[in-house]
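# Examination of the molecular architecture
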Amino acid sequence: MFEKLTLPIRPRRNRKSPAIRGLVSETVLTPADFIYPLFIHEDETNDPIESMPGCHRWSLAGLVGEVGRAYEVGVRAVVFFPKIEEDLKTPKGEECYNDDGLVPRAIKAVKEAYPDVVVITDVALDPYNSDGHDGIVEKTKDGDLKIVNDETVKVLCKQALCHAKAGADIVSPSDMMDGRIGAIRATLDRYHFEEVSILSYTAKYASAYYGPFRGALDSAPKAGDKKTYQMDPANSREALREAELDIAEGADMVMVKPAGPYLDIIRIIRDSVDVPIAAYQVSGEYLMIKSAAKDGWVDEEKVAMESLLGIKRAGADMILTYFAKDVAARLQAG
Ligand code: PBG
């Protein structure tokens, strides 16, 4: 027979009932944590996106309807991504600051229907740029592509101002050009938009997980890759450097993207700065869960919830996720 164990310390005591587990639980997800990314287009139809099951390219009316459904389950923040018609795309992406463009009209429509929803806009050229890059592309003498920083920043300032004029609460530069946070802050302030916040995509990695998103918007680079502006997945120290710069330039919040494969980066930034941190669970992370669930290998609801809990536990205050509406509904149901 076995001897009776002498074990004064038994961690399992803190897990012995749902009520005790509730008391000792450290991380709680709520619908108020989520930012819901929504795709929009010029058409009147709401088209399912093949590369992102469960997501649609919404008409403006469809967008307002979907924001309303998310609102009902407690989601109070949205971010828009436009699919721009091919004939409006140009090398310098001028359409991005057209006051009558798709994004300004979407901002107005949503703010009119739901004034208390936080409307966030993406600031970058890729949906508007005929080269499919986040910045303006120049060809060098040897035929290589160069993404020109300072000229791009000027256009991004115009884009951010256009979104602010239309009523955006937060502008969110996702382009990774140097110096764009300071330049956008100065532009917004000069035009009396001191109250418009900046959520900076601070540590945005050159990730293969963006594939389904680029399929949704037809926004993949026509040539080259994004490695001269997005960060190397091998690196963590430069994430901190980017965060310190963005905060010094006036960012109100910083973002890590993607989220799941970069939890250590969320934690490193959380431990070093005191501004709120957003994390973006990107299209590839979403699709992997959706696909595995579709084949019956994992429980979608539980895996989605666990993936988001992990991101929050790592130190994110808010999470951009295509699961926002579904998970919020689940959380509300208890
Ligand atoms: C582009 C942008 C991208 C995403 C958000 N903004 C793609 C990219 O950088 O190529 C990706 C989001 C996702 O994959 O869900 N400025």
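In the block above lies the structure referred to throughout.
Residues numbered from 1 in each chain as written. Predicted model: local features only at pLDDT ≥ 70, side-chain atom pairs only at ≥ 80, totals over all residues. Heavy atoms only, no water.

Let's shift gears to empty space enclosed by the protein. Going through the model one piece at a time under the given rule, you end up with four cavities of 30 Å³ or more. Each pocket or cavity is described by its volume, and for the largest cavity that value is around 130 Å³. Contributing to the lining of the largest cavity are 16 residues, with Asp126, Lys204, Tyr210, Phe213 and Lys257 lying nearest its centre. In the lining of the largest cavity, the residues fall into seven nonpolar, three polar and six charged. Estimated volume of the second largest cavity: approximately 60 Å³. Lining the second largest cavity we find Tyr36, Pro37, Leu38, Phe39, Gly54, Cys55, His56, Trp58, Glu66 and Tyr322. Looking at the lining of the second largest cavity, the elements that each hand over two or more residues are strand S1 (34-40) and strand S3 (56-58). Residue contributions to the lining of the second largest cavity peak at four residues, all from S1. Each residue belonging to the lining of the second largest cavity can be placed in one class, and the counts come to seven nonpolar, two polar and one charged. (1 Å grid on protein atoms, 1.4 Å probe; cavity = no way out; pocket = protein on both sides within 12 Å on 5 of 7 lines; lining within 4 Å. Points joined across faces, edges and corners; volume = space filled by probe spheres on them. Nonpolar A, V, L, I, M, F, W, Y, C, P; charged D, E, K, R; others polar. Helix = DSSP H or I, 4+ residues; strand = E, 2+ residues; numbered from the N terminus.)

Before going further, it helps to spend a moment on the packing of helix H7 (residues 237-249) against helix H8 (residues 263-272). At their nearest, the axes of H7 and H8 sit 10 Å apart, and the two run at 45 degrees to each other. One way to sum up the angle between H7 and H8 is to call them oblique. Crossing angle aside, the handedness with which H7 passes H8 is right-handed. The residues of H8 that touch H7, namely those facing Ala239, Leu240 and Ala243, are Ile265, Ile268, Ile269 and Ser272. A per-class count over the contact of H7 with H8 returns six nonpolar, one polar and no charged. (Axes fitted to C-alpha atoms, helices over the stretch in contact; angles between N-to-C directions. Parallel < 35°, antiparallel > 145°, perpendicular 65-115°, else oblique. Left-handed = near helix turned anticlockwise from the far one by under 90°. Contact = heavy atoms within 4.5 Å.)

Okay, H8 next. Given 3.6 residues to a turn, an α-helix orients residues that are three or four positions apart in the same direction. Of all the positions in H8, only Ile265, Ile266, Ile269 and Arg270 are classed as buried. Taken end-on, H8 shows its buried residues confined to a sector of 135 degrees, consistent with a single buried face. On its buried side, H8 packs onto strand S9 (197-204), H7, strand S10 (253-257), strand S11 (277-281) and helix H10 (300-314). (Buried < 20%, exposed > 50% of the residue type's maximum accessible area, 1.4 Å probe, protein only. Arc of directions from axis to C-beta.)

Of the voids in this model, the largest pocket is the one considered here, and its volume is about 410 Å³. Lining the largest pocket are 24 residues, with Met176, Asp178, Thr228, Tyr229 and Glu242 sitting closest to its centre. Looking at the lining of the largest pocket, the elements that each hand over two or more residues are strand S7 (145-148), helix H5 (180-190) and H7. The residue makeup of the lining of the largest pocket, split by class, is 10 nonpolar, four polar and 10 charged.

What follows concerns the nonpolar core. Of all hydrophobic cores here, the largest spans 99 residues; its most connected members are Phe39, Leu63, Phe80, Ile184, Ile269 and Tyr280. A total of seven residues in this core trace back to one element, the largest contributor, which is helix H4 (residues 149-166). (Core = buried A, V, L, I, M, F, W, Y, C linked by side-chain atoms within 4.5 Å.)

Moving on: the site of the ligand. As a matter of local geometry, the ligand sits amid 18 residues, with Ser174, Arg214, Lys257, Ser283 and Tyr322 nearest to it. Side-chain polar atom of Ser174 to a nitrogen atom of the ligand: 2.7 Å apart, as the coordinates give it. Side-chain polar atom of Lys226 to an oxygen atom of the ligand: 2.7 Å apart, as the coordinates give it. Isolated, the ligand exposes 410 Å² of accessible area, and the fraction of that covered by the protein chains is 100%. Placement of the ligand is best described as lying within the largest cavity. Looking at side-chain class alone, the shell around the ligand contains eight nonpolar, three polar and seven charged residues. (Near = heavy atom within 4 Å. Polar contact = N/O pair within 3.5 Å; in protein donor to acceptor, adjacent residues only side chain to side chain. Areas by Shrake-Rupley, 256 points an atom, 1.4 Å probe, with all protein chains shown as cover. Sits in = over half its atoms within 2 Å of the grid points.)

Here we come to helix H9 (residues 283-294). Relative to the 16 Å expected for 12 residues at 1.5 Å per residue, H9 spans 16 Å between its end C-alpha atoms, a close match to the ideal helical length. What H9 keeps buried is the set Ser283, Gly284, Glu285, Tyr286, Ile289, Lys290 and Ala293. Considering only its buried residues, H9 is in contact with helix H6 (211-217), S11 and H10. (Expected span 1.5 Å × (residues − 1).)

Tracing the sequence through the fold places Leu308 in helix H10. A relative accessible area of 0% means that Leu308 is categorised as buried. With 12 residues separating them in the primary sequence, Leu308 and Leu320 have C-alpha atoms 9.7 Å apart. Excluding anything up to four places from it in sequence, Leu308 contacts Leu29, Phe34, Gln281, Ile319, Thr321, Phe323 and Val327.

The quantities given are spatial measurements derived from coordinates; they are silent on function.
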